[in-house]
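Listed here are the chains, written in short residue letters.
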Amino acid sequence: MLKVGVLGAGHLGKIHLRLLQQSDKYELVGFYDQNQENAEKISKEFGYKNFNTIAKLIHAVDVIDIVTPTLSHYKCAKVAIKSGKHIFIEKPISNTVEEAEEIIALAKEYNVKGQVGHVERFNPAFTATKNMIENPMFIETHRLAEFNPRGTDVPVVLDLMIHDIDAILSVVKSKVKSINASGVSVISDTPDIANARIEFENGCVANLTASRISMKNMRKTRFFQKDAYISVDFLEKKCEVVRMKDAPEIPGDFDMILQNAEGVKKQIYFTNPDVEQNNAILDELESFAHAINTDTTPVVTLEQATDALRVAYQIIDCFDK
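Calculation rules
Along each chain, numbering runs from 1 in the same order as the chain's sequence is written. Owing to the predicted nature of the model, reporting of local features is limited to residues with pLDDT of at least 70; listing and counting of side-chain atom pairs is limited to 80 or more, with chain, interface and lining totals taken over all residues. The basis for every side-chain value is the complete set of non-hydrogen atoms in the structure, without hydrogens or water. Where helices are involved, their axes are fitted lines through C-alpha atoms of the stretch in contact, as for all axes, and angles between N-to-C directions lie from 0 to 180°. Segments assigned H or I by DSSP are reported as helices when at least four residues long, segments assigned E as strands when at least two residues long, and all are numbered from the N terminus. Any angle between 65 and 115 degrees counts as roughly perpendicular, while under 35 counts as roughly parallel, over 145 as roughly antiparallel, and the rest as oblique. Definitions for this section: a left-handed crossing has its near helix turned counterclockwise from the far helix by less than a right angle. A right-handed crossing has that turn clockwise. The criterion used for residue contact is that any of the two residues' heavy atoms lie within 4.5 Å. Each residue is assigned to one class: nonpolar for Ala, Val, Leu, Ile, Met, Phe, Trp, Tyr, Cys and Pro, charged for Asp, Glu, Lys and Arg, and polar for all the others, Gly among them. Only strands that DSSP links by at least two bridges are regarded as paired with each other. Working definition: rings of Phe, Tyr and Trp (its six-membered ring) pair if their centres are within 6.5 Å, and the pair is stacked with planes under 30 degrees apart, edge-to-face with planes over 60 apart, and tilted otherwise. Type-normalised accessible area, obtained with a 1.4 Å probe on protein chains alone, sets the label of each residue: buried when under 20%, exposed when over 50%, and partly exposed for intermediate values. Counting rule for disulfides: a pair of cysteine sulfur atoms within 2.5 Å. Note on patches: the residues involved have over 30% relative accessible area and no salt bridge, like charges join within 9 Å, and the nonpolar side chains Val, Leu, Ile, Met, Phe, Trp and Tyr join within 5 Å. Areas reported here follow the Shrake-Rupley algorithm with a probe of radius 1.4 Å; residue values treat only the protein chains shown as occluding. By salt bridge we mean one thing: a side-chain nitrogen of Lys or Arg within 4 Å of a carboxyl oxygen of Asp or Glu. When the strands point away from the viewer, a crossover counts as right-handed if the route from the first strand across the helix to the second turns clockwise.

- As recorded in an unreviewed UniProt entry, the protein chain goes by Gfo/Idh/MocA family oxidoreductase and comes from Flavobacterium shii.

### As for the packing of helix 7 (residues 156–171) against helix 9 (residues 302–319)
Reasoning step 1: For the pair helix 7 and helix 9, interaxial distance at closest approach is 9 Å and the crossing angle is 125°. Between helix 7 and helix 9, the angle is such that the two are oblique. Helix 9 is crossed by helix 7, and the crossing has right-handed handedness. Across from Val157, Leu158, Met161, Ile162, Ile165, Asp166 and Leu169 in helix 7, the residues of helix 9 making contact are Gln304, Asp307, Ala308, Leu309, Val311, Ala312, Tyr313, Ile315, Ile316 and Phe319.
Reasoning step 2: Partitioning the contact of helix 7 with helix 9 into residue classes produces 14 nonpolar, one polar and two charged.

### Thoughts on the sheet that holds strand 14 (residues 265–271)
Reasoning step 1: Spatial ordering of the open sheet is given by 7-8-9-6-10-11-12-14-13, a layout of nine strands whose pairing is mixed. In the strand order of this sheet, the two ends are held by strand 7 (176–184) and strand 13 (256–259), each with one partner. Between one strand axis and the next, the sheet turns by 15° as a mean value, whatever way the strands run.
Reasoning step 2: Relative to strand 14, strand 12 (residues 238–246) runs antiparallel, the two being bridged by six bridges. Its bridge partner being in strand 14, Val242 is matched across the sheet by Phe270.
Reasoning step 3: Where helix 9 meets the sheet, its contacts fall on strand 7 and strand 8 (193–200), and the angle it forms with strand 7 comes to roughly 55°.

### A short note on the packing of helix 1 (residues 11–22) against helix 8 (residues 280–294)
Reasoning step 1: Between helix 1 and helix 8, whose axes approach to 10 Å, the crossing angle comes to 65°. Between helix 1 and helix 8, the crossing angle belongs to the class labelled roughly perpendicular. Note that helix 1 runs across helix 8; the crossing there is right-handed. Between helix 1 and helix 8, the contacting residues are Leu12, Ile15, His16, Leu19 and Leu20 on the first element and Ile281, Leu282 and Leu285 on the second.

### Quick notes on the packing of aromatic side chains
Reasoning step 1: Inspection of every chain in the model, using the stated rule, returns six aromatic pairs.
Reasoning step 2: Ring geometry for Phe126 versus Phe234: centroids 5.8 Å apart, planes at 40°, classification tilted. Here the residue Phe126 occupies a position in helix 6 (residues 124–129), and Phe234 occupies one in the loop between strand 11 (228–233) and strand 12, the gap between them amounting to 108 residues.
Reasoning step 3: Aromatic side chains Phe224 and Tyr229 sit 4.9 Å apart centroid to centroid with 40° between the ring planes, which places their arrangement in the tilted category.
Reasoning step 4: Accessibility expressed as a relative area gives 22% for Tyr229, which makes it partly exposed.
Reasoning step 5: An aromatic cluster is defined as three or more aromatic residues linked by ring pairs; in this entry it consists of Phe31, Phe46 and Tyr48.

### With respect to the state of the cysteines
Between two cysteines, a covalent bond joining their sulfur atoms is known as a disulfide.
Reasoning step 1: A complete count under the given rule lists zero disulfides for this structure.
Reasoning step 2: No disulfide involves Cys318; its nearest neighbouring cysteine sulfur is the one of Cys204, lying 17 Å away.
Reasoning step 3: Accessibility expressed as a relative area gives 10% for Cys318, which makes it buried.

### Remarks on a nonpolar patch on the surface
Reasoning step 1: On the surface, Phe147, Val184, Val186, Ile187 and Ile193 cluster together into a nonpolar patch covering about 430 Å² of accessible area.
Reasoning step 2: Structurally, Val184 is set in strand 7.

### A few points about unusual backbone geometry
Leaving glycine out, the prevailing phi sign among residues is negative, and the prevailing peptide bond configuration is trans.
Reasoning step 1: Cis rather than trans, the peptide bond between Lys91 and Pro92 has omega equal to -10°.
Reasoning step 2: Despite not being glycine, Asn135 has its phi angle at roughly 50°, a positive value.
Reasoning step 3: Position of Asn135 relative to the elements: it lies in the loop between helix 6 and strand 6 (138–144).
Reasoning step 4: The exposed category is assigned to Asn135, whose relative accessible area is 51%.

### Quick look at the pairing of strand 4 (residues 86–90)
Each regular strand displays side chains that alternate between the two surfaces of the sheet.
Reasoning step 1: Judged by how many residues are buried, strand 4 sits mostly within the fold: five of five residues are covered.
Reasoning step 2: With burial as the criterion, each face of strand 4 is covered, one bearing His86, Phe88 and Glu90 and the other bearing Ile87 and Ile89.
Reasoning step 3: By the bridge criterion, four bridges tie strand 3 (residues 63–66) to strand 4 in an arrangement that is parallel. Residue pairing for strand 4: Ile64 is matched across the bridge by Ile87.
Reasoning step 4: Two elements, strand 4 and strand 5 (residues 114–117), share four bridges in a ladder whose sense is parallel. Residue pairing for strand 5: Phe88 is matched across the bridge by Gln115.
Reasoning step 5: Chirality of the crossover, the property in question, places the unit of strand 4, helix 5 (residues 97–109) and strand 5 among those that are right-handed.

Structural data, given as structure tokens:
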């Protein structure tokens, strides 16, 4: 079991603490939170050991789980890496691309592993369909959330859309060619709703919409590729795959057949892949333990998270043009 410590005991930090304590891959040593009054309260309520300095916690563990505000990710990661500790960082990896690139360089220099908490990669609806997504040429995503003041200190792109950016980059095997985007600030100082169009060198186009001022929550992505359409509902954890194959010579009574203008007939098949319910946060944390123990590449690498952050900032830069 790897000894782990958590930096930050806010809303998400408390979830990480609970799951790490349940995990049979980790031994939860304790946590540090800047607000010592809050830390003492959590320690008393749940029994986790509260460290009064970051240095003491880092010294006592093998892995540091960074669940602090984004502004402090770089500083926390730097201290942990220089102490030779593996790092799990909540998304986004850091506040700037430059900081993220330095985290990558430090991790290589000190030979430690790093993973970033892009939790949707572990969403069971996405993992059930990921192997079926082959060379998509059009992708459409909607990530809509009801208003919550907790996330408004960052643009909606870094708060919500970055989940979809990362998921798309993980399935499109091509470099980004161009980005167009627009964003509108409705009740915050930064955009609350944004739309982006990402064009890739292989011709794939992704159209992303993210909003934190919607009347209802929605997290859906649709992938269109040759002879298939794949729909992933990240919120409801459901998926649907619609495939087309050459129609049989003699169709059955209930076969669904389409015929195009050239007379080519295709049969449509609907499938709903089995979605195994899971705890995605626990899965991502335990997958990191597996990567450390087997010396393999983490599922969401520091480099991949940096690529997602870079695209997010290219989208944000479009807002000012």
